[in-house]
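Coordinate inspection notes
Next come the chains, spelled out residue by residue.
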Amino acid sequence: MPASASSMSRLGKVNAPEDSSRLPDASLVRLRPEILATPPYRQGKPAATDAFKLSSNENPFPPLPGVLDAIAASSNVNRYPDAAATALRERLAAQHGVTPNEVHVGSGSVALLAQFIQAAAGPGDEILYTWRSFEAYPGLVTVAGATSVQVPDTAEGRHDLDAMLAAITDRTRAVIVCSPNNPTGPVVTTDEFLRFMAAVPDTVLVLLDEAYAEFVRDESAVNGLALLGRFPNLVILRTFSKAYGLAGLRVGWAIGPEPILDAARATAIPLSVTGVAQAAAIASLDRSDELMARVDVIVERRNAVVSALRAQGWAIPETQSNFVWLATGEQTEAAAATLVEHGIVARPFVGSGIRISIGEAESVDKLLSAAEWIVQHLPSGHAARAIG
Ligand SMILES: *Cc1c(COP(=O)(O)O)cnc(C)c1O
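Everything numeric in this text was worked out from a predicted model, so none of it was measured.

The next point concerns the sheet that holds strand E4 (residues 147-152). Spatially, the seven strands line up as an open sheet ordered E2-E8-E7-E6-E5-E3-E4, and their pairing is mixed. With partners counted over all chains shown, the strands left at the sheet margins are strand E2 (103-106) and E4, one partner each. Taken over all neighbouring pairs, the strand axes of this sheet differ in orientation by 25 degrees on average, direction set aside. Here four bridges tie E2 to strand E8 (residues 252-255), and the two strands are oriented antiparallel to one another. Across the sheet, the residue bridging to Gly-106 is Gly-252, located in E8. Along the sheet, helix H9 (residues 258-267) contacts E2, strand E6 (205-209), strand E7 (234-239) and E8; its crossing angle with E2, the most-contacted strand, is approximately 25 degrees.

Before going further, it helps to examine the packing of helix H11 (residues 288-312) against helix H13 (residues 363-377). One can describe the packing of H11 onto H13 by two numbers: an axis separation of 10 Å at closest approach and a directional angle of 20 degrees. Accordingly, the angle class assigned to the pair H11 and H13 is roughly parallel. Here H11 runs over H13; the crossing is right-handed. Contacts between H11 and H13 involve Arg-301, Val-305, Ala-308, Leu-309 and Gln-312 from the first element and Val-364, Leu-367, Leu-368, Ala-371, Glu-372 and Val-375 from the second. Per-class residue counts for the contact of H11 with H13 are eight nonpolar, one polar and two charged.

Glancing now at a nonpolar patch on the surface. A cluster of nonpolar side chains, Val-29, Leu-31 and Leu-36, forms an exposed patch at the surface whose accessible area comes to about 260 Å². Inspection of the secondary structure puts Leu-36 in helix H2 (residues 33-36).

With that settled, the discussion passes to the layout of surface pockets. Estimates place the volume of the largest pocket at around 1200 Å³. Broken down by secondary-structure element, the contributors of at least two residues to the lining of the largest pocket are helix H5 (109-120), helix H6 (137-143) and strand E11 (347-349). The greatest single-element share of the lining of the largest pocket, amounting to five residues, is contributed by H6. Within the lining of the largest pocket, the residues separate by chemical class into 19 nonpolar, 14 polar and 10 charged.

Every one of the 13 residues lining the ligand counts as a neighbour, but Ser-109, Tyr-212, Thr-239, Ser-241 and Lys-242 are closest to it. Between the ligand and Asn-182, the relevant distance is 2.8 Å, taken from an oxygen atom to a side-chain nitrogen or oxygen of the residue. Taking Lys-242, its side chain carries an N or O atom lying 3.3 Å from an oxygen atom of the ligand. Compared with its free state, where it exposes 380 Å², the ligand has 94% of that area covered by protein. With respect to the pocket detection grid, the ligand is positioned in the largest pocket.

Here we take up the sheet that holds strand E12 (residues 353-357). One open sheet holds the three strands; their spatial order is E9-E12-E11, and the pairing between them is antiparallel. Two strands close off the open sheet at either side, each with one partner strand: strand E9 (323-326) and E11. Pairs of neighbouring strands in the sheet enclose a mean axial angle of 20 degrees, with direction left out of account. Across the sheet, helix H12 (residues 332-341) is in contact with E11 and E12; its angle to E12 comes to roughly 30 degrees.

On to the packing of aromatic side chains, then. By the definition in use, this model includes seven aromatic pairs. Here the basic side chain of Arg-355 rests over the ring of Phe-323, its NZ or CZ set 6.0 Å away from the ring centre.

Moving on to the pairing of strand E5 (residues 172-178). The buried fraction of E5 amounts to six of the seven residues, a majority that puts the element mostly inside the structure. The pairing of E5 with E6 spans five bridges and is parallel. Bridged to Ala-174 within E6 is Leu-205.

What counts as what
Residues numbered from 1 in each chain as written. Predicted model: local features only at pLDDT ≥ 70, side-chain atom pairs only at ≥ 80, totals over all residues. Heavy atoms only, no water. Pairing = 2+ DSSP bridges. Helix = DSSP H or I, 4+ residues; strand = E, 2+ residues; numbered from the N terminus. Axes fitted to C-alpha atoms, helices over the stretch in contact; angles between N-to-C directions. Contact = heavy atoms within 4.5 Å. Parallel < 35°, antiparallel > 145°, perpendicular 65-115°, else oblique. Left-handed = near helix turned anticlockwise from the far one by under 90°. Nonpolar A, V, L, I, M, F, W, Y, C, P; charged D, E, K, R; others polar. Patch = residues over 30% accessible without salt bridge, like charges linked within 9 Å, V, L, I, M, F, W, Y side chains within 5 Å. Areas by Shrake-Rupley, 256 points an atom, 1.4 Å probe, with all protein chains shown as cover. Salt bridge = Lys/Arg side-chain N within 4 Å of Asp/Glu carboxyl O. 1 Å grid on protein atoms, 1.4 Å probe; cavity = no way out; pocket = protein on both sides within 12 Å on 5 of 7 lines; lining within 4 Å. Points joined across faces, edges and corners; volume = space filled by probe spheres on them. Near = heavy atom within 4 Å. Polar contact = N/O pair within 3.5 Å; in protein donor to acceptor, adjacent residues only side chain to side chain. Sits in = over half its atoms within 2 Å of the grid points. Phe/Tyr/Trp six-rings, centres within 6.5 Å; stacked < 30°, edge-to-face > 60°. Lys NZ or Arg CZ within 6 Å of the ring centre and 35° of its normal. Buried < 20%, exposed > 50% of the residue type's maximum accessible area, 1.4 Å probe, protein only.

Shown next, in the form of structure tokens:
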């Protein structure tokens, strides 16, 4: 494939006819081959106006009025933001009993993941994670020049931490643990995690990605914030994108030992967390009770959806997140098309399954009737248990 053809698939490329460009042919310019071979991040599809967008695990509730007020009050956008996000870090540090330097803020926890991976690993180094897991991980590792080592998750969509331990080599620089796991939903338990941490060498960074922590109701689930101070190599990642409903403003945070956070800070693109995002995050922390009441509503809706799907015959992994996983296997594309016909835009992973976010109350009946149709008409599509 000529370079110009492969570059057509890059993120942000508009669909202009190729021969309409006024720019010279750049196919001789040498770019990193592993980057050219990396597929662009695929965003959850937009939904038609009469459909529900359940493809990106977003929060269906609109922002709280007080949060909108804080956004509107950020009027000095002609100035750069506070690069150190001091007020937000001080706030989070006080809340969790650490120093402000033990908190790091980034433009989404994806940006933080990129920073920690770059801080820990380069060419020849390995980053270990379960698969299937968050679709951003492989690309972030490639961009760092490092190598992904993917350990298959279990038939129930859970981390196989023993297999992950066995896959650690002297090249392993970081292990990512995603709990609840996106896209399958199950948590890692505290017991599993403590046994894992006891066996991981102290030289290996562990990134505990808890983007969906606020949706967890299983008391046996690991909670990174309850383990603060226990491990010299553990960093916890949280985000305002999901439970806090600020996905569009891009703000996430990490908590962990200062030297590791300093290394991540050194890789960061300066000033990428906007003042508006910082103000909205603080206003959201001020209104945690109201926001967590909304999370309760989503959790109840999730539990109702899981029960209804299981009653239809679906083998749903034990989700503790704001999404459910349908292991549709080879029928994934047909099942996703059925969902679209019923007004549901979800996230299909071809050959594997479909992740469906828990969204608006009105989306539930549409989702359940589509799922029932799939059970009736694509019989092998709902019995599949294989994950990943
Ligand atoms: C959504 C998500 C994130 C965070 O996304 P940001 O919007 O960048 O904070 C991180 N990890 C996982 C597993 C996610 O699903």
